[in-house]
Amino acid sequence: MRKTVFVFSALAFSTVAASSVLAQDAATSALIERGRSVAIASDCMACHRTPEGEGKPFAGGYTISSPLGPIVALNITPSKEFGIGNWSEAQFEAAMRDGVAPRGHLYPAMPYTAYRAMSDDDLHALFVYLQKDVKPVDEAPKAQTNLPFPFNIRLSMAGWNLFFNRATPFDNALAAPAGTERGKYLVDGPAHCGACHTPRNTLMAEDASQYLGGGDLGGWHAPNITSDPVSGIGGWSDAELVTYLKNGNAVGKSQAAGPMAEAVEHSFRHMPDDDLQAIANYLKTVPAIRSEAQTAPAYEHSKAKPAGIGTLDYGIDRSAAAMVNGTSVNGEELYVSACATCHQLNGAGTQDQFYPSLTSNRATGGMTPNNLVMAVVEGVHRKTNDFTVQMPAFKDELSNAQIAAVSNYVLQRFGNASLSVSEADVVELKNGGEVPLLVKATPWLMLGGAIFAALVLVLAAIFFWRRGKRNTLQHA
Amino acid sequence: MATEFDADVIVIGSGAIGSNAAHLLAQRGKSVIILETGEWIPRWKIVENFRSSPRKNNLNDPYPTFPWAMSSFDPDYIENTGNFHYVPYQLLLVGGTTWHWAAATWRFLPNDMKMKSLYGVSNDWPMEYSDLEPWYDLAEYNLGVAGSDTDDQSGHAGAAHPPRSKPYPVTAEGETYYFQRLKDRIGKEGYNFIHEPNGRTNKPYDGRPACSGNNNCMPVCPIGAMYSGDVHARHAQNAGAKIITDATAYNLEKGEGGKIVAVHYRSSKGADVRLTAKAFIVAANGIETPKLLLFSDVANSNDLVGRHLMDHSGISLIFTADEPLWPGRGQVQQGAIFKWRDGDWRGQHSAIKHAPHNNVPNRDVAEMLIKQGVVGPELDEQIRHLSARWVVIESMFETLPRATNRVTLSTTKKDALGIPTLSFNYDLDGDEYVEKARDLCMDDYGNFVRAMGGKVINDKTGWQNHAHVMGTVMMGDDAKTSVTNHEGRTWDHDNLFLATTGLLPSSSVLNPTLAGIALGLRTADIIAKEV
């Protein structure tokens, strides 16, 4: 009898134990799932992956071409030697919110100024996911960040952070699905839209007065996504915005390329429709910013001015010397033979818009030709849930002068004819776009190097004092 | 102008085979120079040359012919002494002849490599299928080959064959309506329709876009979906190889101990340059490779260079079906019809590959009708009617190596650089092996036409060649009966390697370029371990 009781107790006990383990597992896996969706919304994978091919998830190595120089993403797998396997949660939080990793300051190419706004719960879930569900990759990224002086002094970021890293964490990460609150959280927090779409000031921080008003990076232009109906996305339907985020393609409006194609590929297409709807809803509420010179939205450049068929093939030189000579800078000739096979002679693209129209297209009808030029230079590569889009890169096929010529032809015939591109513009965009004042001014800063260093030390002292204080408050 | 370089390896020819081999060597850290007779021509320019061409049915017409780099259609370049007018179609530019192939990338069957021991004809290869298999894999992944992992390519409707260690890098494209209808109706007569593996990627691959059915593989893919050798010429360059264009190799200089010590090249601008290297790969096409060897008087101690020229000579059938099939949508060819692919009968007659061609037929149809004197609204109506129902079947036969079928140097003509032009002797007359297959092929044609309720337009084409050059620098196990060993290493010079479809000692019925690339990669791997 006693023995029986004992057996029953043991059974009961083990059942309780098992169910509590199960409950714990269920809680952990729910947390991991939440962390996974936070990682997706935060687009960690776009940068923290090996650059070759599909890339090893979270292994780092991808190079971000910042105006200050190339910045290489770190290994954030739980590898103890090469990743974040030994980081405490407090260290993780410091990296995500303060831009300070155990081994020193991060550069704001890592968008910690936005991640700072993430809710405590989301941040915790992300930490658990990265530590428990990601496969450790025990190797360091092949390249390393090595910015020129003085930007290689990472401590200088301490002062910068003091001024520019000031967001406060949201506490409503789980606001009503698809609502504007949720949208604002995603846009300003994990999805860090402003990192590209808000222009930067002279010290390379987001200019709050131009919030989501359009910025430049790596030669590409991240357009104005405020609610303005002319310069922003005010004229887009919700469905167009959601479809664009999901597939990178809003027919008759815009196709994602460059960094936005990466955001679609690694982040938006994996997000729940509710969240995409939330982003669309919120963007429609963002205060409108209008480019002064702009009178009509890009997509209203909808009328092609195609060349007369009769002029196109007339008088092509068929001598052997001419047949090997690929140096023509006649934009029409280049368009007809390099572009029209897909985009068609009249720029209308194919009927199904698999090959998109060059009219009614933000890359050709906006206020800058940057994305047109960069699409020609680098091509378009975008993986969507339906298929993969690939426009070939023409940087090996066409010279800078030819890229300028064919871009001008496209602008004249299909887009905003008031824009034009020079060979020098193409060179500049290939090299990452206009050099910011901070970099141009670097020689002067270096001249005043001593003053600069002193300033850094003072700022650093203030910073550490301030951080210590905040931690004290938090732990109180 | 030209600077002199020494390199670990000099590759002569920048086509698909040479560029893939050069790329592998450059990846392994070897210094590599590629010599190319022609120039880089950007794709858009070739597309323009095609559009402005008045000879749309001539595959070489969008490509230039120079007095120092002549097209095979230049009457000053090719002379023929046999009954068959042999034209090899090779192109002289960076990327080579794959600019205008249709990118059929079959693997040879294990049995194709044992013709002598299994069927008593042709030759055995100096290697097993399994020796080449990993290199077929690499070649397919370099090219982004689309294929079926389940087809029995031996045509017996059995399990997947030949064996492969990796799946195709790209899945087979969907079947066109034209192909489906032919398969439905002719397949019932006991013919196996097999998907044709091809280098026209149908998903983005290695920077190339997906094929969108421009139906212009020959003479140029306007969007670069179809693989061409310039892809790996560029990759080789990015991996550190140096490409010298307008550089026609004309002499391989012999040194002590049977080594080749240098290659001499000329440019159209008068430069004459000598380059030294530890090893040399001649990857200059099945025709131009023997030409260089013959003019240099190397690798030819047994007088076999240029002999045993094999092509997939064949015939073709044009008929109209009793239903609209809408040919010309999608890719130019999609598959093969196999009845006579492999079997004991190969001792008696050729294997046959029938390929339904899917070119846009309007031009051929209009040309025929106009010749018949059809004009006015009747012409329009008939073009519409016939173009929808037009079926072209091209059939290729396995040919046997014959010492008298050969390419030699012209004894009377030279090009602008002073290098002799080419002379061919190619004959199939009285060749029972192919004649018997032609009779069987005509029986098949009767079945095809009947199955489709068709009306014959032309079934008397005479022999046609397909520019599938094989045998001219045959590899083998015996220095007396072959030019190279299984490594592509010439028996006469241990640092001179050949990488070309000319190595193939038996022809089967399959487009040979993929085998050439696989052999070239294997050779490059062997060289990489030696230099």
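The shown structure was predicted, so the numbers you read here are calculated from the model rather than taken from an experiment.

### Brief notes about the overall build of chain B
Part 1: Assigned secondary structure in chain B consists of 11 helices and 18 strands.
Part 2: When the 531 residues of chain B are sorted by exposure, 64% land in the buried category.
Part 3: Residue pairs in contact within chain B that sit at least 24 positions apart in sequence constitute 75% of those at least 6 positions apart.
Part 4: Accessible area of chain B: about 18,300 Å², with a carbon and sulfur share of 49%.
Part 5: The positive charge centre, built from 51 side chains, and the negative charge centre, built from 63, are 3 Å apart in chain B.

### Notes on the nonpolar core
All names here are of chain B.
Part 1: Ranked by internal contacts, the top residues of the largest apolar core, which has 97 residues, are Ile 10, Leu 35, Leu 252 and Ile 281.
Part 2: At nine residues, helix H11 (residues 513–530) tops the list of elements feeding residues into this core.
Part 3: Beyond its immediate stretch of four places on either side in the chain, Ile 10 contacts Ile 33, Leu 35, Val 263, Leu 275, Thr 276, Ala 277, Ala 279, Phe 280 and Ile 281.
Part 4: Counting residues in hydrophobic clusters, the runner-up holds 42 residues, among them Phe 84, Trp 345, Ala 351 and Val 509.

### Examining the pattern of salt bridges
Part 1: For the structure on display, the rule yields 57 salt bridges over all chains.
Part 2: When the shortest N-O distance is used, the salt bridge between Arg 97 of chain A and Glu 93 of chain A registers 3.0 Å. Note that Arg 97 of chain A and Glu 93 of chain A are positioned in helix H3 (residues 89–98) at a spacing of four residues, about one turn of the helix.
Part 3: Under the relative-accessibility criterion, Arg 97 of chain A is labelled buried at 5%.
Part 4: When its relative accessible area of 25% is taken as the criterion, Glu 93 of chain A is described as partly exposed.
Part 5: Taken together, the salt bridges that share partners define one network made up of Arg 107, Glu 133, Asp 137, Glu 140, Asp 149 and Arg 164 of chain B.

### A short note on the pairing of strand E11 (residues 314–320) of chain B
Residues and elements named next belong to chain B.
Part 1: Extensive coverage of E11 is indicated by the burial of seven of its seven residues.
Part 2: Neither face of E11 is exposed, since Gly 314, Ser 316, Ile 318 and Thr 320 on one face and Ile 315, Leu 317 and Phe 319 on the opposite face are all buried.
Part 3: Across seven bridges, the pairing between E11 and strand E14 (residues 390–397) is antiparallel. When the sheet's bridge partners are listed, Ile 315 is paired in E14 with Ser 395.

### Comments concerning the confidence of the model for chain A
The predicted coordinates ought not to be read in detail in places where the model reports low pLDDT.
Residues and elements named next belong to chain A.
Part 1: Overall, the prediction assigns chain A a mean pLDDT of 87, with 86% of residues at 70 or greater.
Part 2: Contacts of residues 1–13 to residues separated by more than four positions or lying in other chains number zero contacts, the stretch itself having pLDDT below 50.
Part 3: Note on residues 466–476: pLDDT under 50 across the span, and seven contacts to partners over four residues away in sequence or across chains.

### So, a negative patch on the surface
Residue and element names in this part refer to chain A.
Part 1: A cluster of acidic residues, Asp 216, Asp 425, Glu 428 and Glu 434, forms a negative patch at the surface.
Part 2: Looking at the element boundaries, Asp 425 is found in helix H18 (residues 423–430).
Part 3: Take Asp 425: its relative accessible area is 32%, and that puts it in the partly exposed class.

### What about the sheet that holds strand E16 (residues 420–425) of chain B?
Residue and element names in this part refer to chain B.
Part 1: Taken together, three strands build an open sheet; the order of strands is E3-E16-E15 and the sheet is mixed. Of all the strands in the sheet, just strand E3 (78–80) and strand E15 (406–414) have a single pairing partner and so form its edges. On average, each strand axis in the sheet is inclined to that of its neighbour by 35 degrees, with strand direction left out of account.
Part 2: Of the strand pairs in this sheet, E3 and E16 are connected by three bridges, and their pairing is parallel. Paired with Asn 80 across the two strands is Phe 424, which belongs to E16.

### Things to note about the interface of chain B and chain A
Quite often, the size of an interface is put as the accessible area lost when its parts meet.
Part 1: The partner chain A presents 27 residues to the 30 residues of chain B that form the contact.
Part 2: A combined buried area of about 2,300 Å² lies between chain B and chain A, and 58% of that area is made up of carbon and sulfur atoms.
Part 3: The three residues of chain B that bury the most area against chain A are Trp 44, Arg 51 and Pro 204 of chain B, which together make up 29% of that side's buried surface.
Part 4: At the boundary of chain B with chain A, the tally comes to three salt bridges.
Part 5: On the surface where chain B and chain A come into contact, there are eight residue pairs in polar contact (both at pLDDT 80 or more).
Part 6: Tallying contributions element by element places helix H2 (residues 43–51) of chain B first for the side of chain B that touches chain A, with seven residues.
Part 7: Of the residues contributing to the side of chain B that touches chain A, the split by class is 15 nonpolar, seven polar and eight charged.

### What to know about unusual backbone geometry
Part 1: With an omega of 5 degrees, the peptide bond between Phe 149 of chain A and Pro 150 of chain A qualifies as cis.
Part 2: With an omega of 0 degrees, the peptide bond between His 161 of chain B and Pro 162 of chain B qualifies as cis.
Part 3: For Pro 162 of chain B, the position within the fold is in the loop between strand E4 (146–147) and strand E5 (170–171).
Part 4: We note that Gln 353 of chain A has phi near 60 degrees; this positive angle belongs to a residue other than glycine.
Part 5: For Gln 353 of chain A, the location among the structural elements is in the loop between helix H14 (331–343) and helix H15 (362–365).
Part 6: Phi at Asp 297 of chain B takes a positive value of approximately 55 degrees, unusual for a residue other than glycine.

### Observations concerning the confidence of the model for chain B
Part 1: Across chain B, the average pLDDT comes to 96, with 99% of residues at or above 70.
Part 2: If you check the scores for this complex, the pTM reads 0.91 and the ipTM reads 0.94.

### Quick notes on the environment of Ala 41 of chain A
Residue and element names in this part refer to chain A.
Part 1: Here Ala 41 lies in helix H1 (residues 2–41).
Part 2: Accessibility expressed as a relative area gives 5% for Ala 41, which makes it buried.
Part 3: Separated by 116 residues in the primary sequence, Ala 41 and Met 157 have C-alpha atoms spaced 26 Å apart.
Part 4: In this view, Ala 41 contacts Leu 186, Pro 190, Ala 191, Ser 267 and Met 271; residues no more than four positions away in its chain are not counted.

### Re helix H8 (residues 362–371) of chain B
In an α-helix, one full turn covers 3.6 residues, which means residues spaced three or four apart are oriented alike.
All names here are of chain B.
Part 1: Of all the residues in H8, the buried ones are Val 365, Ala 366, Met 368 and Leu 369. Projection of H8 onto a plane perpendicular to its axis shows the buried side chains occupying an angular sector of 165 degrees, all on one side. Within H8, the exposed residues directed more than 90 degrees away from the buried face are Ile 370 and Lys 371.
Part 2: Of the surrounding elements, those touching the buried residues of H8 are helix H9 (376–389), E14 and strand E17 (455–458).
Part 3: A positive backbone phi angle near 85 degrees is found at Gly 373, which sits one or two residues after H8.

### Focus on the packing of aromatic side chains
Residues and elements named next belong to chain B.
Part 1: Applying the stated criterion to the full structure yields 25 aromatic pairs over all chains.
Part 2: Here Phe 108 and Trp 125 contribute two aromatic rings whose centre-to-centre distance is 5.4 Å and whose plane-to-plane angle is 50 degrees, an arrangement assigned as tilted. Separated by 17 residues along the polypeptide, Phe 108 in the loop between E3 and helix H3 (115–119) and Trp 125 in the loop between H3 and helix H4 (129–143) bring together distant segments of the chain. In this pair, the class of Phe 108 matches that of Trp 125, namely buried.

### Remarks on the side chain of Asp 342 of chain B
All names here are of chain B.
Part 1: Assignment of secondary structure puts Asp 342 in the loop between strand E12 (335–338) and strand E13 (352–357).
Part 2: Under the relative-accessibility criterion, Asp 342 is labelled buried at 9%.
Part 3: A polar contact is formed between the side chain of Asp 342 and the side chain of Tyr 119, at a distance of 2.8 Å.
Part 4: Polar contacts involving the side chain of Asp 342 include one to the side chain of Arg 346, which spans 2.8 Å.
Part 5: Excluding residues that lie within four positions of it along the chain, Asp 342 makes contacts with Leu 109, Asn 111, Tyr 119, Ser 154 and His 156.

### Here we look at the pairing of E14 of chain B
All names here are of chain B.
Part 1: Counting buried positions over the eight residues of E14 gives seven, a clear majority of the element.
Part 2: By the bridge criterion, six bridges tie E13 to E14 in an arrangement that is antiparallel. Within the sheet, the bridge partner assigned to Lys 353 lies in E14 and is Met 396.

### Comments concerning the side chain of Ser 42 of chain A
Residues and elements named next belong to chain A.
Part 1: Inspection of the secondary structure assignment puts Ser 42 in the loop between H1 and helix H2 (44–47).
Part 2: One polar contact links the side chain of Ser 42 to the main-chain carbonyl oxygen of Val 38, over a distance of 2.6 Å.
Part 3: Leaving out residues up to four positions away in the same chain, Ser 42 has contacts with Tyr 115, Met 118, Pro 190 and His 192.

### Description of the environment of Ala 355 of chain B
All names here are of chain B.
Part 1: Here Ala 355 is to be found in strand E13.
Part 2: A residue is classified by how much of its surface remains accessible, and Ala 355, at 3% relative accessible area, is buried.
Part 3: In the structure, Ala 355 is positioned 17 residues away from Phe 338 in sequence and 9.0 Å away in space, judged by C-alpha atoms.
Part 4: Contacts of Ala 355, omitting those with residues within four sequence positions, involve Gly 335, Val 392, Ile 393 and Glu 394.

Reading the values: rules and limits
- Residues numbered from 1 in each chain as written.
- Chains lettered and ligands numbered in written order.
- Predicted model: local features only at pLDDT ≥ 70, side-chain atom pairs only at ≥ 80, totals over all residues.
- Heavy atoms only, no water.
- Helix = DSSP H or I, 4+ residues; strand = E, 2+ residues; numbered from the N terminus.
- Buried < 20%, exposed > 50% of the residue type's maximum accessible area, 1.4 Å probe, protein only.
- Contact = heavy atoms within 4.5 Å.
- Areas by Shrake-Rupley, 256 points an atom, 1.4 Å probe, with all protein chains shown as cover.
- Lys, Arg positive; Asp, Glu negative; His and termini not counted.
- Charge placed at Lys NZ, Arg CZ, Asp CG, Glu CD.
- Core = buried A, V, L, I, M, F, W, Y, C linked by side-chain atoms within 4.5 Å.
- Salt bridge = Lys/Arg side-chain N within 4 Å of Asp/Glu carboxyl O.
- Pairing = 2+ DSSP bridges.
- pLDDT = per-residue confidence, 0-100.
- Patch = residues over 30% accessible without salt bridge, like charges linked within 9 Å, V, L, I, M, F, W, Y side chains within 5 Å.
- Axes fitted to C-alpha atoms, helices over the stretch in contact; angles between N-to-C directions.
- Buried area = accessible area lost by both parts, 1.4 Å probe.
- Polar contact = N/O pair within 3.5 Å; in protein donor to acceptor, adjacent residues only side chain to side chain.
- Nonpolar A, V, L, I, M, F, W, Y, C, P; charged D, E, K, R; others polar.
- Arc of directions from axis to C-beta.
- Phe/Tyr/Trp six-rings, centres within 6.5 Å; stacked < 30°, edge-to-face > 60°.

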